[in-house]
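Working through the structure, step by step
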Amino acid sequence: MIGIVAATAAGRRAAADLAAAWPGRTAVYDGPVAEAVRRAFAECGQLVCFLATGATVRLVAPLLAGKAEDPGVVCVDEARRFAVALLGGHAGGANALAAEVADVLGAQPVVTTATDAAGIPGLDALGLPVEGDVAAVSRAVLDGSPVRLDADRTRPLPALPPCVRADAPAGSPVLRISDRTGGPDRATGGGPDGASDRPAAGGPDGGAAAPVAVLRPASLVVGVGASRGAPAAEVLALVRAALADAGLSAASVAELSTVDAKADEPGLVEAARTLGVPLTTHPAGVLAAVPVPNPSAAPLAAVGTPSVAEAAALASAPGGELLVPKRLSTSVPGAVPDGRAARCTAAVARRAVRGRLALVGLGPGARDLLTPRARAELRRASVVVGLDQYVDQVRDLLRPGTRTEESGLGAEEERARTAVRLAREGLAVALVGSGDAGVYAMASPALAEAGEDIDVVGVPGVTAALAAAALLGAPLGHDHVAISLSDLHTPWEVIERRVRAAAESDLVVTFYNPRSRGRDRQLPAALGILAAHRAPGTPVGVARAVSRPGEWHTVTTLADVDVTTVDMTTVVTVGNTATRRVAGRMVTPRGYRWQQ
């Protein structure tokens, strides 16, 4: 919940506008301002104070508990000019909140967090728990100093600056990405206990040890089995011991997993709550089908599967590996009173890394038609793949260190294969294209290559047809169809059949790829098919280079359209029998009442 506090009439009006824009998301705190701030600070995850920054600082200063506990606080001046992220920029989400508030109120967001100002992802803003000397390593990243990257495996994180690299000089600050307490166990040469990955005792001149910050990926699943009434303390002792003895970090536990029959077992529910992770369950039949090294007759008789802990861990980590085989709680000193049987078991599996492929539509070209979600995905990616001219179009939006894979016209399938391959390597990839990625663009060839082993995110974009329609009027007000006239991938006979079907169905038709220097017969042929079913005065809209330099459009008729004005940057929209010209604009009514 977002608490809102205001002191003046102008502030209260702005607060009311913000609350109206976010119904159910905000709570307005009335009464004396100091008391309102105290209550909101204690009860809400974030605050928006329509107060001077100095006043807000004095009011919240006595309430501060720590970076991890304090809510994010945003200040807005009475004139609604600025939304200032005052406290908890990353941990409290104030930086993002300031942008949201500014968007609602027409203000300018003010963010002073150093990493945000430099366009660098903060270590505490990557969506992973972070520990260690975060401030020192972050300062080195900001300064552009060499930082050694120790990663147990490639992960789909945003691009890190070029100064963060695996071959940084000895003694450099260290950014470690690992679920192991002693360091990575792969890629950097460390053994299972990570001993060789610990920083040297001193830098190259014998000084203090290099600072280390550690990002903990949510890579571990703990499978748990429990007898009825197993206490949470016993479960927790076993889970923590299993992790610690294997050199695994509890901060990397993503979930506890068990059999459906134990979904409401109080000890398991409480253990998951204490660890701050969900308790997930699987049907006994699913667990029974999971091959495990240590099956047992006891759980088979009790819940219908020969394994709970090992099978549940592996079932929640498909394609992963079992790191810790089944352990009994009696193996943990002090967890079980002498003479009493174990009441719970645990096993630990590591999830396979899943890369991320975002299919990003960049819109028709103008920067203001690039959606906020597309911008966010470009910042989220460590690799951007696309046609060279499209990558150039958004290069300034990419984070420092973002890798680009560019190619020229005619290499669509190769770009798709490259993007999928990089995602399978565990990277965060953005495959970009104009308009919407799913409309005559890169989504279909990419999805034809992609399997279930990567995460795919579709990011919609403003299509050429929609951008052109906005210029022309409202030609798509009723049923419509888009047809590409390029016979590079589709035989002309198929295209011709589709145009004829659209003509006979009285659909508004938008032609993509209508005409090029080497392909100039298709558009006249398609218009001729439509002319056999529509009057010569049927409105036709022609829009070229929409939202880009040289933009031009006109509304003409089926009899008068000049095909020589059309090229590959043009969209041609032909109305149906109800489409009319109104004040020079092309309008297709939502019904056929206009039709004479």
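This text goes with the structure placed above it.
So, here's what we can say about the structure. (Residues numbered from 1 in each chain as written. Predicted model: local features only at pLDDT ≥ 70, side-chain atom pairs only at ≥ 80, totals over all residues. Heavy atoms only, no water.)

Concerning the overall build of the protein chain
- From N to C terminus, the protein chain includes 18 helices and 29 strands.
- Its C-alpha atoms give the protein chain principal-axis dimensions of about 95 × 65 × 55 Å.
- Here the protein chain holds 596 residues, and 48% of them are scored as buried.
- Within the protein chain, residue pairs in contact and separated by at least 24 positions form 67% of the contacts whose partners lie at least 6 positions apart.
- Here the protein chain displays about 26,500 Å² of accessible surface, and carbon together with sulfur accounts for 54% of that area.
- With 58 positive and 60 negative side-chain charges, the protein chain shows a separation of 3 Å between the mean positions of the two kinds. (Helix = DSSP H or I, 4+ residues; strand = E, 2+ residues; numbered from the N terminus. Buried < 20%, exposed > 50% of the residue type's maximum accessible area, 1.4 Å probe, protein only. Contact = heavy atoms within 4.5 Å. Areas by Shrake-Rupley, 256 points an atom, 1.4 Å probe, with all protein chains shown as cover. Lys, Arg positive; Asp, Glu negative; His and termini not counted. Charge placed at Lys NZ, Arg CZ, Asp CG, Glu CD.)

Looking at the pattern of salt bridges
- In total, this model carries 30 salt bridges according to the counting rule given.
- For the salt bridge of Asp77 with Arg81, the shortest nitrogen-to-oxygen distance reads 3.3 Å.
- One salt bridge in this structure joins Glu414 and Arg417, with 3.2 Å as the shortest N-O distance. With Glu414 and Arg417 both in helix α14 (residues 412-424) and 3 residues apart, this pair spans about one turn of that helix.
- The exposure class assigned to Glu414 is partly exposed, which follows from its relative accessible area of 42%.
- Shared partners join several salt bridges into a network, and the residues in it are Glu35, Arg38 and Arg39. (Salt bridge = Lys/Arg side-chain N within 4 Å of Asp/Glu carboxyl O.)

Comments concerning the sheet that holds strand β25 (residues 539-544)
- Taken in spatial order, the 5 strands of this open sheet run β23-β24-β27-β25-β26, and their pairing is mixed. Edge positions in the sheet fall to β23 (480-484) and β26 (552-557), since each of these pairs with one other strand and no more. Each neighbouring strand pair of the sheet contributes to a mean axis angle of 15°, computed without reference to strand direction.
- Pairing geometry for β25 and strand β27 (residues 570-574), over 5 bridges, is antiparallel. (Pairing = 2+ DSSP bridges. Axes fitted to C-alpha atoms, helices over the stretch in contact; angles between N-to-C directions.)

Digging into the environment of Pro278
- Counting through the fold element by element, Pro278 comes out in the loop between α8 (266-275) and β14 (279-282).
- When its relative accessible area of 45% is taken as the criterion, Pro278 is described as partly exposed.
- Here Pro278 is in contact with Ala254, Glu255, Leu256 and Ala272, once residues within four sequence places are set aside.

Let's talk about the packing of helix α1 (residues 9-21) against helix α4 (residues 94-105)
- Close contact between α1 and α4 brings their axes to 10 Å; oriented N to C, the two are set at 105°. As summarised for this structure, α1 and α4 are arranged roughly perpendicular, according to the angle between their axes. For the pair α1 and α4, the contacting residues are Ala14, Asp17, Leu18 and Ala21 in the first and Val101, Val104 and Leu105 in the second.
- Taken together, the residues of the contact of α1 with α4 sort by class into 6 nonpolar, no polar and 1 charged. (Parallel < 35°, antiparallel > 145°, perpendicular 65-115°, else oblique. Nonpolar A, V, L, I, M, F, W, Y, C, P; charged D, E, K, R; others polar.)

Some remarks on unusual backbone geometry
- For Ala545, which is not glycine, the phi dihedral falls at a positive 50°.
- With respect to the helices and strands, Ala545 occurs in the loop between β25 and β26.
- Residue class for Ala545 comes out buried when judged on its relative accessible area of 10%.

Re the packing of aromatic side chains
- Within this structure, the stated rule accounts for 1 aromatic pair.
- Ring centres of Tyr440 and Tyr512 lie 4.7 Å apart, and the angle between their planes is 45°; on these two criteria the pair is classed as tilted. On the criterion of sequence distance, the pair formed by Tyr440 in the loop between β20 (428-433) and α15 (443-449) and Tyr512 in strand β24 (residues 508-512) is long-range, its members being 72 residues apart.
- With relative accessibility at 10%, the residue Tyr512 sits in the buried group.
- Its end group placed over the ring of Trp22, Arg25 keeps NZ or CZ at 4.3 Å from the ring centre.
- Just above the ring of Trp492 sits the side chain of Arg521; from NZ or CZ to the centre is 5.5 Å. (Phe/Tyr/Trp six-rings, centres within 6.5 Å; stacked < 30°, edge-to-face > 60°. Lys NZ or Arg CZ within 6 Å of the ring centre and 35° of its normal.)

Thoughts on the pairing of β27
- Across the 5 residues that make up β27, a large majority, 5, are buried.
- Along β27, one buried face is formed by Thr570, Val572 and Val574 and the opposite face, lined by Val571 and Thr573, is buried too.
- As judged from the 3 bridges shared by β24 and β27, these two strands associate in the antiparallel manner. By the bridge assignment, Val509 is partnered in β27 with Val574.

Points about the sheet that holds β14
- Pairing is mixed in the open sheet, where 5 strands are placed in the order β14-β13-β12-β16-β15. The open sheet has two edge strands, β14 and β15 (321-328), and neither has a second partner. The average undirected angle you get between the axes of adjacent strands in this sheet is 25°.
- Here β15 pairs with strand β16 (residues 344-350) via 5 bridges, running antiparallel.

Structural notes on the environment of Gly461
- Tracing the backbone through its elements, the reader meets Gly461 in the loop between β21 (455-459) and α16 (464-472).
- Of the residues examined, Gly461 reaches a relative accessible area of 14% and is grouped as buried.
- If near-sequence neighbours (up to four positions away) are discounted, Gly461 is found in contact with Gly361, Gly435 and Asp436.

A few points about α1
- Relative to the 18 Å expected for 13 residues at 1.5 Å per residue, α1 spans 19 Å between its end C-alpha atoms, a close match to the ideal helical length.
- Against β1 (2-6), β2 (26-29), β3 (46-50) and α4 lie the buried residues of α1. (Expected span 1.5 Å × (residues − 1).)

A short note on the nonpolar core
- In terms of nonpolar packing, the biggest core is built from 26 residues, with Val222, Val224, Leu243, Leu256 and Val348 touching the most fellow members.
- For this core, the secondary-structure elements that each account for two or more residues are β12 (220-226), α7 (232-245), β13 (253-259), α8 and β16.
- Considering every element that reaches this core, the biggest residue donor is α7, with 7 residues.
- If we skip the residues at most four places from it in the chain, Leu256 touches Val222, Val224, Leu268, Ala271, Ala272, Leu275, Val277, Pro278, Leu279 and Thr280.
- Val499, Ala503, Val509 and Val574 belong to the second largest nonpolar core, which has 22 residues in total. (Core = buried A, V, L, I, M, F, W, Y, C linked by side-chain atoms within 4.5 Å.)

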